[in-house]
Amino acid sequence: MDTQRVSIDKQHPAAYKALFALSAEAEKAAAAAGLDPLLVELVRIRASQINGCAFCLRMHTGDALKKGENIDRIAVLPAWEETGYFSETDRAALRLTEAITRVSDGHVSDADYNAAATALTADQISAAAWLVTVMNAFNRVAITSRYPVAG
């Protein structure tokens, strides 16, 4: 027998509100650091792909498309390393996204960090890391609470 999932955002709304505030700060930091708004959405999508969060994937894919992202870049995002669709900055941010999201696999290795640092400024690394940290938190909220996703 399955028990009814607690929607943790509703159970502790102040914590969820704080997560939204943190997300807004991370987005402001990304803009101030000069990260493209399309890249911000790709970072969110890539973290959500790794975590398997259907709710966040649907939301951020839609957001990316509304902002003018190319459907081809979204389609090949899981295989970004094999394509020519992404700039050096994009590639650095996506590599950092994967390393942070998969932190248990290698604790953001020096190789991954140094690769990011060759294309990103200190402000961009920090902003990207905050975006990924927040996205991972949102993924965990949505997955734990089983946010509904239906067609």
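This section reports on the structure supplied with the text. Remember, predicted model here, so these are calculated numbers, not experimental data. (Residues numbered from 1 in each chain as written. Predicted model: local features only at pLDDT ≥ 70, side-chain atom pairs only at ≥ 80, totals over all residues. Heavy atoms only, no water.)

1. Concerning the overall build of the protein
Here is the rule we go by: By definition, any uninterrupted DSSP run of H or I lasting at least four residues is a helix, any uninterrupted run of E lasting at least two residues is a strand, and each is numbered from the N terminus. Values of the radius of gyration come from C-alpha atoms, whereas the globule rule sets the reference at 2.2 Å times the count of residues to the power 0.38. Residue exposure (1.4 Å probe, protein chains only): buried if accessible area is under 20% of the type maximum, exposed if over 50%, otherwise partly exposed. Note on contacts: a residue pair is in contact if any heavy atoms of the two residues lie within 4.5 Å.
Within the protein one finds eight helices and zero strands. When the helices and strands of the protein are placed in sequence order, the string is α-α-α-α-α-α-α-α. Relative to the compact-globule value of 15 Å for 151 residues, the protein shows a C-alpha radius of gyration of 16 Å, a close match. In the protein, which comprises 151 residues, the proportion classed as buried is 40%. For the protein, restricting intrachain contacts to residue pairs at least 6 apart in sequence, the fraction spanning at least 24 positions comes to 71%.

2. Description of the nonpolar core
If you look at soluble globular proteins, the nonpolar side chains tend to sit buried side by side. For clarity, the threshold we go by: Note on terminology: a nonpolar core comprises buried Ala, Val, Leu, Ile, Met, Phe, Trp, Tyr and Cys residues joined through side-chain atoms within 4.5 Å.
Counting 30 residues, the largest nonpolar core has L35, C56, L120, L131 and F138 as the members making the most contacts within it. Residue assignment for this core shows that the elements contributing at least two residues are α2 (13–32), α3 (37–51), α4 (54–66), α6 (88–101) and α8 (122–145). Ranked by residue count, the leading element in this core is α8, at 10 residues. Counting residues in hydrophobic clusters, the runner-up holds eight residues, among them L42, I74, L77 and F86.

3. Section: the packing of α3 against α6
Helix-helix packing is described using two parameters, namely the angle between the two axes and the distance between the axes. How we decide: Lines fitted to C-alpha atoms define the axes, with helix axes restricted to the stretch in contact, and inter-axis angles between N-to-C directions lie between 0 and 180 degrees. A crossing counts as left-handed when the near helix is turned anticlockwise from the far one by less than a right angle, and as right-handed when that turn is clockwise. Each residue gets one of three labels, nonpolar for Ala, Val, Leu, Ile, Met, Phe, Trp, Tyr, Cys and Pro, charged for Asp, Glu, Lys and Arg, and polar for the others, Gly among them.
The N-to-C vectors of α3 and α6 enclose an angle of 30°; their axes lie 10 Å apart at closest approach. Read as a crossing pair, α3 and α6 show a hand that is right-handed. For the pair α3 and α6, the contacting residues are L39, L42, V43, R46, A47, I50 and N51 in the first and T89, D90, A93, L94, T97, E98 and T101 in the second. Its residues placed into classes, the contact of α3 with α6 shows seven nonpolar, four polar and three charged.

4. Comments concerning the state of the cysteines
For clarity, the cut-off: When the sulfur atoms of two cysteines come within 2.5 Å, that pair is taken as a disulfide.
Tallied over the full model, the rule gives zero disulfides. The structure places no disulfide on C53, whose sulfur is separated from the nearest cysteine sulfur, that of C56, by 3.5 Å. Under the relative-accessibility criterion, C56 is labelled buried at 4%.

5. Observations concerning the packing of α3 against α4
Worth spelling out the cut-off: In this scheme, roughly parallel covers angles under 35 degrees and roughly antiparallel covers those over 145, while 65 to 115 is roughly perpendicular and the rest are oblique.
Where α3 contacts α4, the two axes come as close as 9 Å, and the packing angle between them is 160°. Between α3 and α4, the angle falls in the class roughly antiparallel. Regarding α3 and α4, the two cross each other, and that crossing is left-handed. Facing α3, whose interface residues are L38, E41, R44, I45, S48 and Q49, α4 presents C56, L57, H60, T61, D63 and A64. Residue composition of the contact of α3 with α4, by class: five nonpolar, four polar and three charged.

6. Some points on α3
Note the threshold: In this analysis, the expected span of each helix is defined as 1.5 Å times one less than the number of residues it contains. Two N or O atoms count as a polar contact when they lie within 3.5 Å, although within protein this holds only if one can serve as hydrogen donor and the other as acceptor, and sequence-adjacent residues are included solely when both atoms are side-chain atoms.
Counted at 1.5 Å a residue, the expected span for α3 with its 15 residues is 21 Å, and the 21 Å between its end C-alpha atoms agrees. For α3, the tally of buried residues reaches 12 of 15 residues, placing the bulk of the element in the interior. For α3, every residue scored as buried is listed here: L38, L39, V40, E41, L42, V43, R44, I45, R46, A47, S48 and N51. Summarising the contacts, the buried residues of α3 are in contact with α2, α4, α5 (71–75), α6 and α8. Between the side-chain oxygen of the N-cap and the backbone nitrogen of L38 there are 2.7 Å, and the N-cap of α3 in question is D36. Backbone geometry just downstream of α3 places G52 in the positive-phi region, at approximately 70°.

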